[in-house]
Amino acid sequence: VALNEVLPSHERSAPFRLAEFTRFSWDKVRIVARLEPHNRTVECPFGWNWPSGERETLAASGLLSALMFARQGTIVKYLEVRNDEVAFRGTDSSLTPQTAVFTVGSNSDDSSAVILTLTSEN
């Protein structure tokens, strides 16, 4: 199940714990909230791409985020999400399963994006 499919039904006042969404073991996650074409992180570490150049188009438009999950220093899962579906706020450093806790909200401009803001109650 994709993150953008789970979040719209999540209760807005309850915290969203990223570890409860994942079904694999990890000890750090790095969330790059906006991949940009001039940034080396735009390259997928596993060498795949979305069909029809969609990945490059999203990155060029500032609409691509990446979640890189690691276990003992090795990437175990890499997810990309569209910022117009799920947008992250306050994720400037690597997070642990205990600290990757977010408040779920939405844009005030009638956008369909779900906004995940890192909470301070970690």
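Nothing here was measured: the structure is a model prediction, and the numbers come from that model.

## Concerning the sheet that holds strand β2 (residues 28-32)
Piece 1. Taken together, 3 strands build an open sheet; the order of strands is β2-β3-β4 and the sheet is antiparallel. Each edge of the open sheet carries a strand with a single partner, namely β2 and β4 (74-82). With strand direction ignored, the average angle separating the axes of adjacent strands in the sheet is 15 degrees.
Piece 2. Bridge count for strand β3 (residues 64-71) against β4 is 8 bridges, and the pairing is antiparallel. In the strand pairing of β4, Leu64 is matched with Arg82.

## Some details on the sheet that holds strand β6 (residues 101-106)
Sheet strands pair by backbone hydrogen bonding; their relative direction is either parallel or antiparallel.
Piece 1. Strand order in the open sheet formed by 4 strands is β1-β6-β7-β5, with mixed pairing between adjacent strands. Both edges of this open sheet fall to β1 (15-17) and β5 (86-89), since each of them pairs with a single strand only. Ignoring which end each strand starts from, the neighbouring axes of this sheet average 35 degrees apart.

## Looking at the pattern of salt bridges
Piece 1. Across all of its chains, the model carries 2 salt bridges by this definition.
Piece 2. Across the pair Asp27 and Arg71 runs a salt bridge, and its minimum N-O distance is 4.0 Å. Placement of Asp27 in the loop between α2 (18-21) and β2 and of Arg71 in strand β3 is noted, with a sequence separation of 44 residues between them.
Piece 3. A relative accessible area of 24% means that Asp27 is categorised as partly exposed.
Piece 4. Across the salt bridge formed by Arg82 and Asp84, the nearest N and O atoms sit 2.8 Å from each other.
Piece 5. Of the residues examined, Arg82 reaches a relative accessible area of 23% and is grouped as partly exposed.

Quick notes on the rules
- Residues numbered from 1 in each chain as written.
- Predicted model: local features only at pLDDT ≥ 70, side-chain atom pairs only at ≥ 80, totals over all residues.
- Heavy atoms only, no water.
- Pairing = 2+ DSSP bridges.
- Helix = DSSP H or I, 4+ residues; strand = E, 2+ residues; numbered from the N terminus.
- Axes fitted to C-alpha atoms, helices over the stretch in contact; angles between N-to-C directions.
- Salt bridge = Lys/Arg side-chain N within 4 Å of Asp/Glu carboxyl O.
- Buried < 20%, exposed > 50% of the residue type's maximum accessible area, 1.4 Å probe, protein only.

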